[in-house]
Amino acid sequence: MNIGEIARRAGVSRSTVSYVLSGKRTVSEPTRQRIQAVIDELDYRPNASARALKEGRTRTLGLVIPPASQRLTDMQLGFVASVVEAAARHDLDVLLSPSGGDHDRSFERIVAGRRVDGVVLMEIRLSDDRVTRLAKVGLPFVTIGRTAEPHGMSWVDVDYAGLIARCVHHLADLGHRHVALVNRSAELVASGYGPSHRALAGFRAAVAERGLVGVDVCCGDDAASGEACVAQLLATYPQLTAMATINEAALPGVQRALAGAGLAVPGDFSVTGVAARHWAEDFSPPLTAADVPMADMGTEAVALLLEIIAAPGAVPRHRLYNPPVSLRSSTGPARPR
């Protein structure tokens, strides 16, 4: 089925059908309705390539993800799913492109080849060459996360500093005096990964404000690392009674390490942090945590990107999410160790 057949059935010219499909010219309402009735009857869908050529757009968004060699965390997969679903609601495709390491050529093809109308960029560093590159070539982009100087760009992010500080204050209110932060991996921290650095800053600020004794450690993004990390923490700092974390993938190992040490949660040891809701609810007992609103953030990122694509000169906008800390069952009054 093509435009010619629609024009014949509707009794109009091909150009009139084209105007209705593209919206480039006004067509009288009766004529538009007649053409639309034929389109609906035939279940016509414009050829994507032809439509893109006429509109000067690909109707495809790029989503730049961490290297394919690294297993994506559930939170990262949640962001991917939310961006794809939000794009689909606008009848847009999403082209996934890994970046980092040996995948820089893939990112460069996205940028230089103009294969997409805009880019959603994940896993932002405080100083991020990808952001600089996108800004230089003028390709519309939105980041999930933000650089150290995010002025002049559109982004969505979680207030890791504020949320971890709030977790520490919650623990202090329960009487805990010795607390730990279990951060993300040493490699991510060394690379300038924004959430890790902001969580650490929030932790240290809250510890100082409340006069607590705090220790922070890096931990790999997997259960085995979580178990080893917490076992080492407990052995080195036996006075610890609580911890906060942004490393949701390590939580099953955290749970095993505490059980292995004979510590009941929350009777002997309290755990809190920032995590995707299902990780918090799967923890035993359910984790007191700020739940990262992945679906909302992905939807907002796509909405901001479409605004930039439609109006390249628009003032950049951003959204900093500050979800409440949901009080579940993993925190309780401190018990002297």
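Above this note sits the structure.
Fair warning: this is a prediction, and the values are worked out from it, not measured in the lab.

How each quantity is defined
- Residues numbered from 1 in each chain as written.
- Predicted model: local features only at pLDDT ≥ 70, side-chain atom pairs only at ≥ 80, totals over all residues.
- Heavy atoms only, no water.
- Buried < 20%, exposed > 50% of the residue type's maximum accessible area, 1.4 Å probe, protein only.
- Helix = DSSP H or I, 4+ residues; strand = E, 2+ residues; numbered from the N terminus.
- Pairing = 2+ DSSP bridges.
- Axes fitted to C-alpha atoms, helices over the stretch in contact; angles between N-to-C directions.
- Contact = heavy atoms within 4.5 Å.
- Arc of directions from axis to C-beta.
- Core = buried A, V, L, I, M, F, W, Y, C linked by side-chain atoms within 4.5 Å.
- Domains from an automatic or database assignment.
- Phe/Tyr/Trp six-rings, centres within 6.5 Å; stacked < 30°, edge-to-face > 60°.
- Lys NZ or Arg CZ within 6 Å of the ring centre and 35° of its normal.
- Disulfide = S-S within 2.5 Å.
- Parallel < 35°, antiparallel > 145°, perpendicular 65-115°, else oblique.
- Left-handed = near helix turned anticlockwise from the far one by under 90°.

> Could you give me a rundown of the pairing of strand β6 (residues 178-182), with the residues and numbers involved?
When you tally the buried positions in β6, you get four out of five residues, the bulk of the element. As judged from the five bridges shared by β6 and strand β7 (residues 213-217), these two strands associate in the parallel manner. Bridging from a neighbouring strand, Leu181 pairs with Asp216 of β7. Of the pairings in the sheet, the one linking β6 to strand β8 (residues 242-245) comprises four bridges and is parallel in character. Residue pairing across strands places Ala180 opposite Met243, the latter belonging to β8.

> Could you give an account of the sheet that holds strand β1 (residues 60-65), with specific residues and numbers?
Strand order in the open sheet formed by six strands is β2-β1-β3-β4-β5-β11, and the pairing between neighbours is parallel. The open sheet has two edge strands, β2 (93-98) and β11 (318-321), and neither has a second partner. Each neighbouring strand pair of the sheet contributes to a mean axis angle of 15°, computed without reference to strand direction. Helix-sheet contacts for helix α6 (residues 104-112) involve β1, β2 and β3 (118-121), and the interaxial angle to β2 is about 140°.

> Tell me about helix α12 (residues 251-260), and name the residues and values.
Listed as buried for α12 are Leu251, Gly253, Val254, Ala257 and Leu258. Down the axis, α12 shows its buried residues gathered within 155° of arc, on one side only. Structural note: α12 exposes Ala259 and Gly260 on the side pointing more than 90 degrees away from its buried face. Those residues of α12 that are buried are in contact with α11 (223-236), β8, β9 (270-275) and α13 (277-282). In the stretch just after α12, Gly262 is the one whose phi turns positive, near 75°.

> Could you give an account of the nonpolar core, naming the residues involved and the relevant values?
Ranked by size, the top nonpolar core spans 75 residues in total, and within it Ile144, Ile164, Leu258 and Val292 carry the most contacts. Mapped onto the domain boundaries, this core takes at least three residues apiece from domain 2 (60-157 + 294-321) and domain 3 (160-291). Apart from the residues lying within four places of it in its own chain, the contact partners of Val292 are Met75, Phe79, Val158, Tyr160, Val274, Ala275, Ala276 and Met297. Core analysis: the next-biggest nonpolar cluster, separate from the first, contains 14 residues, Ile110, Val111, Leu121 and Leu139 among them.

> Hey, could you go over the packing of aromatic side chains for me, with residue numbers and the actual values?
With the rule as written, the count across this model stands at zero aromatic pairs. The ring of Trp155 carries Arg146 above its face, with NZ or CZ at 5.0 Å from the centroid. Note that Arg319 overlies the ring of Tyr321, its terminal NZ or CZ placed 4.3 Å from the centroid.

> Go over the state of the cysteines with me, naming the residues and quoting the values.
A full pass over the atoms with the stated rule returns zero disulfides. Among the cysteines around Cys167, which has no disulfide bond, Cys219 carries the closest sulfur, lying 17 Å off. Classification of Cys167 as buried rests on a relative accessible area of 0%. Of all cysteine sulfurs, the one in Cys229 lies closest to Cys218, which takes part in no disulfide; the gap is 8.5 Å.

> Before we move on, can you summarise the side chain of Arg130 with the specific residues and values?
Of note, Arg130 is situated in helix α7 (residues 129-137). Since its relative accessible area comes to 14%, Arg130 is described here as buried.

> An account of the packing of α11 against α12 is needed here, citing residue identities and associated values.
The interhelical angle for the contact between α11 and α12, taken along N-to-C directions, is 40°, at an axis separation of 6 Å. Taken together, α11 and α12 sit at an angle that is classed as oblique. Like other packed secondary-structure pairs, α11 and α12 cross with a definite hand, here right-handed. In contact with Ala223, Ala224, Gly226, Glu227, Val230, Ala231 and Leu234 of α11, α12 contributes Pro252, Gly253, Val254, Arg256, Ala257 and Leu258.

> Provide a residue-level description of the sheet that holds β7, including the pertinent values.
As a general point, the strands of a sheet are linked pairwise by backbone hydrogen bonds and lie either parallel or antiparallel. Ordered by their spatial adjacency, six strands build an open sheet running β7-β6-β8-β9-β10-β12, and the pairing between neighbours is mixed. Strand pairing shows two members of the sheet lacking a second neighbour, β7 and β12 (325-326), which therefore form its edges. Judged from the two bridges that link them, strand β10 (residues 288-291) and β12 form a sheet pairing that is antiparallel. Paired with Ala289 across the bridge in β12 is Ser326.

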